[in-house]
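In case you want the letters, here they are:
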Amino acid sequence: MPIERLMVKGQMEPVSHYCHVVRAGDWIWLSGMVGMRADGSIPEGTVEQFQIALDTIDVCLREAGGRADQIVKVQVFMTDISERAAINPIRQRYFGEHRPASTLVEVSALVDPRMKVEIEAVAYIGP
């Protein structure tokens with residue numbers, strides 16, 4: 001099974017040695033996406049950062065041939081877990097009836113101190 005490593009045009013450059021997406025057969029792994037726009041700007045609010053990160057997940061997932069309803073696992077990292085309720089409506093709109101397995105973790109910091117949220121996901125696109 002060939003392994004594809006994708007750098008998705010128009011997305012933020014990785015801050016380290018990784019790619020946006022790895023696809024191996026029917027599986028897609030999406031690297032942690034943060035609330036930073038491709039131009040490097042970071043909004044102050046967690047909700048806007050979450051929307052940017054989720055939009056990035058979607059763009060990268062589609063680039064690899066997947067869709068939101070094929071995501072089987074999501075991990076969300078937040079610097080303030082008390083803001084979970086504020087991001088939940090965005091998450092519900094994106095996934096609709098589909099409910100992937102999920103983990104939410106509060107972390108002390110992300111790669112940039114202005115960042116408040118990071119999302120990574122795994123999708124299965126097989127039969």
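A brief structural summary. Please read these numbers as outputs of a predicted model, since none were measured by experiment.

### Quick look at the pairing of strand β3 (residues 27-34)
- Most of β3 is tucked away: six of the eight residues are buried.
- Pairing of strand β2 (residues 21-24) with β3 involves four bridges; the strand directions are antiparallel. Note on β3: the bridge partner recorded for V21 is L30.
- Here β2 hands over to β3 after two residues, with G25 in that stretch at a positive phi of 60 degrees.
- By the bridge criterion, six bridges tie β3 to strand β6 (residues 117-124) in an arrangement that is antiparallel. Across the sheet, L30 pairs through a bridge with A121, a residue of β6.

### Quick look at the pattern of salt bridges
- Counting across every chain of the model gives four salt bridges.
- Measuring nitrogen to oxygen at the nearest pair gives 2.7 Å for the salt bridge that ties R37 to E48. Of this pair, R37 sits in the loop between β3 and α1 (46-63) while E48 sits in helix α1; the two residues are eleven residues apart in sequence, bridging distant segments of the chain.
- You can call E48 partly exposed: its relative accessible area is 40%.
- Two residues, R67 and D69, come together in a salt bridge whose shortest N-O distance is 2.9 Å.
- A relative accessible area of 40% places R67 in the partly exposed class.
- Among the residues examined, D69 registers a relative accessible area of 42% and is labelled partly exposed.

### Digging into helix α2 (residues 84-95)
- A rise of 1.5 Å per residue sets the reference length of α2, with its twelve residues, at 16 Å; its end C-alpha atoms lie 16 Å apart and thus fit the reference within 8%.
- Within α2, burial applies to I87, I90, R91, Y94 and F95. Around the axis of α2, the buried residues are gathered within 125 degrees of arc, so they sit on the same side. Away from its buried face, by an angle of more than 90 degrees, α2 presents the exposed residues A85, Q92 and R93.
- Along its buried surface, α2 packs onto α1, β4 (71-78) and β5 (101-106).
- Looking one or two places after α2, you find G96, whose phi comes out positive at around 60 degrees.

### A word on the packing of α1 against α2
- In the contact formed by α1 and α2, the axes pass within 9 Å of each other and the chain directions differ by 25 degrees. Relative to α2, α1 is oriented roughly parallel. Two packed elements cross with a definite hand, and for α1 against α2 that hand is right-handed. The residues of α2 that touch α1, namely those facing T46, V47, F50, Q51, L54, D58 and L61, are A86, I87, I90, R91, R93 and Y94.
- In terms of residue class, the contact of α1 with α2 is made up of eight nonpolar, two polar and three charged.

Parameters and conventions
Residues numbered from 1 in each chain as written. Predicted model: local features only at pLDDT ≥ 70, side-chain atom pairs only at ≥ 80, totals over all residues. Heavy atoms only, no water. Buried < 20%, exposed > 50% of the residue type's maximum accessible area, 1.4 Å probe, protein only. Helix = DSSP H or I, 4+ residues; strand = E, 2+ residues; numbered from the N terminus. Pairing = 2+ DSSP bridges. Salt bridge = Lys/Arg side-chain N within 4 Å of Asp/Glu carboxyl O. Expected span 1.5 Å × (residues − 1). Arc of directions from axis to C-beta. Contact = heavy atoms within 4.5 Å. Axes fitted to C-alpha atoms, helices over the stretch in contact; angles between N-to-C directions. Parallel < 35°, antiparallel > 145°, perpendicular 65-115°, else oblique. Left-handed = near helix turned anticlockwise from the far one by under 90°. Nonpolar A, V, L, I, M, F, W, Y, C, P; charged D, E, K, R; others polar.

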